[in-house]
Amino acid sequence: MATIGIVGATGLVGEELLKIINYSQIPFEKIFLFNSQKKLCDPILLKGKWHPITAVSLETLELCDVVFFLAGSEISKDYIPHLQRPTVIDLSSAFRTHKAVPLIIPEINGHLLETRPRVIASPNCTTSIMLMALYPLHKRYKLKRICASTYQAASGGGRKLLGSLLEETKRYALKRSASLSSLSYAFNLYPHPASIENCQDNLEETKMIFETRKILEDPTLSISCQCIRVPTLRVHGISLHVDFEDPLTEEEAFKELRAFPGIEIYAQPKMQLSSHEAIENQKILCSRIRIDPVDPTRLSLWVVGDQLLKGAALNAFQILEYLIGSSLILI
Ligand SMILES: NC(=O)c1ccc[n+]([C@@H]2O[C@H](COP(=O)([O-])OP(=O)(O)OC[C@H]3O[C@@H](n4cnc5c(N)ncnc54)[C@H](OP(=O)(O)O)[C@@H]3O)[C@@H](O)[C@H]2O)c1
């Protein structure tokens, strides 16, 4: 039985990962939970046992067989390079661009784990959600161009951003705040505030472009993204317009998507797929799937996914399941 470590166990993604582990069949001997220790935290009940939450230390991390890093890229950069023993599953962006670090969505490129990498990165949430919907079509018709507009919920920015949205909304509803400014999050839409890299794409958009090319192993794939924050609590939506090398029909697109694990299609008569349908849903949901009437290689679709699950905690857990299922780590 393995020893597991979770750095960032008290964050939004950490909470989801703990729920998944609690209900899973994965046996573990010991689990170490870490956070910043800025506030006193109660122990967490997991599989009938109470587990304390402590400060991170290299010594304790070295006792683990697998460590999940869910505490942002600075913490990942501080600790991961010094670790010798554990296999690391990193949810931050710290190592995603490193050549030697595979960027894994198990349904798409889990086979890359066969090389037993020591550090494994889980992609950005919008990339995972988008590629779950596009990969089954790409396999058959080959993507030529992607144009994506994202609608990203507050919890994508962690507990702090989620708290700001709730607080601003409450204040406005109670009329304690006279007006909403252009910088308010509540009742507002704005481009994702990740820093602008090259005066064109912001960092969130750059991540989506780089990570999509890396996962699909196509460094010249044409992608344009517009990442927008929306005042919803949870679940990211993505409006997609994509071009393929080969023509396809709607029926063919439905067939490929239906056959892919982790995807659910909302077709007639239930076409109004809202983000609420995806809350706490492990599947990626697709609707409004239609072929351009004048160009049969062009497809539009609307995709929603719980970014705390397939965009983060669930994908990371599935990486662990793949490693165990393929005896790449012994448990
Ligand atoms: N949110 C998403 O939808 C999403 C999607 C994909 C990937 N991710 C990635 O997943 C990670 C976690 O995101 P999140 O949304 O869960 O963030 P969050 O809600 O802000 O939680 C951050 C966690 O990191 C811990 N932490 C902060 N500083 C620390 C330190 N110095 N030492 C140890 N632990 C520390 C926090 O502990 P305290 O409770 O003590 O502050 C908390 O447990 C990030 O790397 C993020 O980029 C998030």
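Residues numbered from 1 in each chain as written. Predicted model: local features only at pLDDT ≥ 70, side-chain atom pairs only at ≥ 80, totals over all residues. Heavy atoms only, no water.

As annotated in an unreviewed UniProt entry, the protein chain carries the name Aspartate-semialdehyde dehydrogenase and is attributed to Aerophobetes bacterium. The protein chain has a UniProt comment under Sequence similarities (unreviewed entry) that states "Belongs to the aspartate-semialdehyde dehydrogenase family." (UniProt positions renumbered as here; feature names shortened; annotations may be inferred.)

Q: What is the right way to read the pairing of strand 2 (residues 28–34) from this model?
A: In the case of a regular strand, side chains alternate between the two sheet surfaces. Of all seven residues that make up strand 2, five are buried, and the element is covered over most of its length. Where strand 1 (residues 2–7) lies against strand 2, six bridges are found, and the strand directions are parallel. Each residue of the ladder has a partner; that of isoleucine 4, found in strand 2, is isoleucine 31. Between the parallel elements strand 1 and strand 2, the chain passes through helix 1 (residues 12–23) in a crossover that is right-handed. In the sheet, strand 2 pairs with strand 5 (residues 53–54) via two bridges, with the strands oriented parallel. Along strand 5, the bridge assignment pairs phenylalanine 34 with threonine 54. (Buried < 20%, exposed > 50% of the residue type's maximum accessible area, 1.4 Å probe, protein only. Helix = DSSP H or I, 4+ residues; strand = E, 2+ residues; numbered from the N terminus. Pairing = 2+ DSSP bridges. Right-handed = clockwise from strand over helix to strand, strands pointing away.)

Q: Before we go on, may I ask you to explain the UniProt feature "active site" (unreviewed entry) in the protein chain in this structure?
A: In the numbering used here, UniProt assigns the "active site" (unreviewed entry) feature to Cys125 and His236. The greatest C-alpha distance among the annotated residues, which extend across 112 residues, is 8.3 Å, indicating that they converge on a single site. Among all residues touching cysteine 125, those that are not within four sequence positions of it are His236, Gln307 and Gly311. Here histidine 236 is to be found in strand 12 (residues 236–244). In contact with histidine 236, not counting residues within four places along its chain, are Cys125, Thr126, Ile129, Tyr151, Gln152, Ala153, Gly156, Arg229, Val303, Val304, Gly305 and Gln307. For histidine 236, the side chain forms a polar contact with the main-chain nitrogen of alanine 153, separated by 3.0 Å. (Contact = heavy atoms within 4.5 Å. Polar contact = N/O pair within 3.5 Å; in protein donor to acceptor, adjacent residues only side chain to side chain.)

Q: How should I be thinking about the nonpolar core in this particular structure?
A: Here is a general trend for soluble globular proteins: nonpolar side chains tend to be buried in one another's company. If you look at the biggest cluster of nonpolar residues, it comprises 58 residues, and the most contacted ones within it are Met130, Ile146, Leu240, Ile289, Leu299 and Leu301. Among the elements that take part in this core, helix 5 (residues 125–141) stands out by supplying nine residues, more than any other. Taken domain by domain, the makeup of this core includes at least three residues from each of domain 1 (2–123 + 312–325) and domain 2 (127–306). Residues in contact with methionine 130, not counting those within four places in the same chain, are Ile146, Ala148, Met208, Thr212, Ile238 and Leu240. Judged by nonpolar contacts, the second largest core, of 42 residues, contains Leu17, Leu165, Tyr190 and Ile319. (Core = buried A, V, L, I, M, F, W, Y, C linked by side-chain atoms within 4.5 Å. Domains from an automatic or database assignment.)

Q: Can you help me understand the sheet that holds strand 10 (residues 190–191) in this one?
A: Strand pairing in a sheet is mediated by backbone hydrogen bonds. Such pairs are either parallel or antiparallel. Pairing is mixed in the open sheet, where seven strands are placed in the order 10-11-9-12-15-14-13. Each end of this open sheet is capped by a strand with a single partner; those strands are strand 10 and strand 13 (263–265). Pairing of strand 14 (residues 284–292) with strand 15 (residues 295–305), which is carried by six bridges, proceeds in the antiparallel orientation. Along strand 15, the bridge assignment pairs arginine 290 with serine 300. Against the sheet, helix 5 engages strand 9 (143–152), strand 12, strand 13, strand 14 and strand 15, with an angle of about 30° to strand 12. Along the sheet face, helix 7 (residues 203–216) touches strand 9 and strand 11 (222–229) and points at about 140° away from the line of strand 11. (Axes fitted to C-alpha atoms, helices over the stretch in contact; angles between N-to-C directions.)

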